[in-house]
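So you can see what is in the structure, the chains are spelled out below.
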Amino acid sequence: DLQGPHRYHIDFQGVSKFRGQSVLHLAARAGRVGCVRELIAAWNAKLELRDESHTTPLLCAACKGRDRVVTVLLEAGARADVRAPYKDSKEFDTAEGWAKRLGHNKVLHAFDVYRVPKPKEEKPTPEDKEAVEKATTVSSSAFVTTVDW
């Protein structure tokens with residue numbers, strides 16, 4: 001419940017005493033999609049804040065198999081290229097890499113869906129217009145030349 005957080009002296013931007021994790025880390029780890037959304041939208045929670053082991057909320061969610069939280073964090077702008085160890089591992093990897101190592105296929109699917117390029121409207125540039133005009137001019141003169149033969 002995020003109602004009245006100041007009554008409980010909760011600092012949404014800072015870290016807790018639990019391994020230096022933010023409230024967003026804890027919500028992401030627990031798979032609390034509604035809390036994650038609320039923390040991001042209403043409390044401007046920091047997406048890239050790292051805990052004592054250098055883990056971000058996205059890494060927490062991915063390592064625990066929380067695919068819906070991963071989707072919310074990616075849509076909010078969490079960086080997917082951050083590398084960090086998981087638990088006591090000496091190896092570093094991205095959230096997607098750890099999800100793959102740990103067999104979290106739904107999380108991998110969330111990364112795949114997020115990565116699908118969204119179509120964008122492209123307006124022609126002045127260079128594009130020039131190229132079309134040149135091509136039209138060349139083909140017109142070629143047509144005239146062909147007719148003259």
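Relevant structure appears above.
Residue numbering note: each chain is counted from 1, following its sequence as written. Predicted model: local features are reported for residues with pLDDT of at least 70 only, side-chain atom pairs are reported and counted for 80 or more only, and whole-chain, interface and lining totals are derived from all residues. The basis for the side-chain values is all heavy atoms of the structure; hydrogens and waters are excluded.

Whenever I open this one, unusual backbone geometry confuses me. Can you help?
What is expected of a backbone is that most residues other than glycine have negative phi and most peptide bonds are trans. At Asn44, a residue that is not glycine, the phi angle is positive and equals roughly 50°. Only runs of H or I of at least four residues qualify as helices and only runs of E of at least two qualify as strands under DSSP, and these elements are numbered from the N terminus. Looking at where Asn44 falls in the secondary structure, it is placed in the loop between helix H2 (33-41) and helix H3 (57-63). Residue His54 is not a glycine yet carries a positive backbone phi of 70°. Within the secondary structure, His54 sits in the loop between H2 and H3.

Can you help me understand a positive patch on the surface in this one?
Like charges within 9 Å and nonpolar side chains (Val, Leu, Ile, Met, Phe, Trp, Tyr) within 5 Å are joined into patches, using only residues over 30% in relative accessible area that form no salt bridge. Only the protein chains shown count as covering a residue, and every accessible area follows the Shrake-Rupley method with a 1.4 Å probe. Basic side-chain nitrogens of Lys or Arg form a salt bridge, by our definition, when they fall within 4 Å of a carboxyl oxygen of Asp or Glu. For this count, His and the chain ends are skipped, Lys and Arg are scored as positive, and Asp and Glu as negative. Charge placement uses NZ in Lys and CZ in Arg. For Asp and Glu, CG and CD serve respectively. A contiguous patch of positive charge, built from Arg19, Lys64, Arg66 and Lys87, is present on the exposed surface. You can see Lys87 is positioned in the loop between helix H4 (67-76) and helix H5 (95-101). A simple rule labels every residue: compare its accessible area, found with a 1.4 Å probe on the protein chains alone, to the largest value its type can have, and call it buried under 20%, exposed over 50%, or partly exposed in between. Owing to a relative accessible area of 57%, Lys87 belongs among the exposed residues under this scheme.

Please explain the packing of aromatic side chains as it appears in this structure.
A ring pair, where both rings are aromatic, is described by two values, the distance of the centres and the angle of the planes. Aromatic contacts are taken between Phe, Tyr and Trp rings whose centres are within 6.5 Å, Trp giving its six-membered ring; a plane angle under 30 degrees counts as stacked, one over 60 as edge-to-face, and the others as tilted. The tally for this structure, following the rule as stated, stands at 1 aromatic pair. Ring geometry for Tyr86 against Trp98: centres 5.8 Å apart, planes inclined by 50°, an arrangement best described as tilted. Taken as a pair, Tyr86 in the loop between H4 and H5 and Trp98 in helix H5 lie far apart in primary sequence, 12 residues in all. Trp98 gets classed as buried once you look at its relative accessible area, which sits at 5%. Above the plane of the ring of Trp98 lies Arg101, whose end atom (NZ or CZ) is 4.6 Å from the centre. Any Lys NZ or Arg CZ found within 6 Å of a ring centre and within 35 degrees of that ring's normal is scored as a charge over the ring.

When you look at helix H1 (residues 23-30) in this model, what are you seeing that I'm missing?
Given 3.6 residues to a turn, an α-helix orients residues that are three or four positions apart in the same direction. Within H1 the residues assigned to the buried category are Leu24, His25, Ala27, Ala28 and Arg29. Against H2, H3 and H4 lie the buried residues of H1. Directly beyond the C-terminal end of H1, a positive phi value near 80° is found at Gly31. Two residues qualify as a contact provided that any one of their heavy atoms is within 4.5 Å of a heavy atom in the partner residue.

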